[in-house]
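Take a look at the letters that make up each chain.
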Amino acid sequence: MRVAQLARELAISADTVRYYTLIGLIKPIRNPENNYKEYREQDHRRLQFILSARKLGFTLNDIKEIIREANKGKMACPLVRQILEKRLQETEQSFNQQRALRKHIKNAMKDWKNKPNQEPSGHEICHLIEGFSFANE
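Not measured: the values here are computed from a predicted model. (Residues numbered from 1 in each chain as written. Predicted model: local features only at pLDDT ≥ 70, side-chain atom pairs only at ≥ 80, totals over all residues. Heavy atoms only, no water.)

Caption draft 1: Molecular detail of the layout of surface pockets. The volume enclosed by the largest pocket comes to roughly 240 Å³. Along the walls of the largest pocket sit 13 residues, with Gly 24, Leu 25, Lys 27, Arg 46 and Asn 71 positioned nearest its centre. Among the elements that take part in the lining of the largest pocket, helix 4 (residues 60-71) stands out by supplying 4 residues, more than any other. When grouped by side-chain class, the residues that make up the lining of the largest pocket number 4 nonpolar, 3 polar and 6 charged. (1 Å grid on protein atoms, 1.4 Å probe; cavity = no way out; pocket = protein on both sides within 12 Å on 5 of 7 lines; lining within 4 Å. Points joined across faces, edges and corners; volume = space filled by probe spheres on them. Helix = DSSP H or I, 4+ residues; strand = E, 2+ residues; numbered from the N terminus. Nonpolar A, V, L, I, M, F, W, Y, C, P; charged D, E, K, R; others polar.)

This is how it looks when you write it as structure tokens:
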């Protein structure tokens, strides 16, 4: 099958298929008669794997590493678990940072609601930010 057909079957853009081909994650064969790239069923399965892994938060480097392990005949599952555990920790940390930021923003909006606008002075740019206290949170 050609790029457009593979893309259609997986509900992705042809550019996505081309990108994964360019970086070597899928390797179509060249048709000697017309020199077109042709994707086989194994490319379809590989691309489905890549798309699923991306949805789970695996990076392209993670995916390359997982595929390398599998190509060596090694079980990739322990590596997958290890990477996903790390990704979960990173996600939890990011989530907690976003929650803290959300709290700061809400507190600032509440604090600033009735404060007047002021012209910048020689030592202040915006009194709202410069006068905001994180200690009250």
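Caption draft 2: Geometry of the nonpolar core. Core analysis: the biggest nonpolar cluster contains 21 residues, and Val 17, Tyr 20, Leu 25, Ile 26, Leu 47, Ile 50 and Ile 63 have the highest contact counts within it. Ignoring any residue separated from it by four or fewer positions in sequence, one finds Tyr 20 in contact with Leu 25, Ile 26, Leu 47, Ile 50, Leu 51, Arg 54 and Leu 60. (Core = buried A, V, L, I, M, F, W, Y, C linked by side-chain atoms within 4.5 Å. Buried < 20%, exposed > 50% of the residue type's maximum accessible area, 1.4 Å probe, protein only. Contact = heavy atoms within 4.5 Å.)

Caption draft 3: Looking closely at helix 4. Here helix 4 contains 12 residues, and its C-alpha end-to-end distance of 16 Å stays within 8% of the 16 Å for a straight helix at 1.5 Å per residue. Looking only at helix 4, the buried set comprises Leu 60, Asp 62, Ile 63, Ile 66, Ile 67 and Glu 69. Contact partners of the buried residues in helix 4: helix 2 (14-22), helix 3 (41-55) and helix 5 (77-112). Positive backbone phi, at 85°, marks Gly 73, one or two positions downstream of helix 4. (Expected span 1.5 Å × (residues − 1).)

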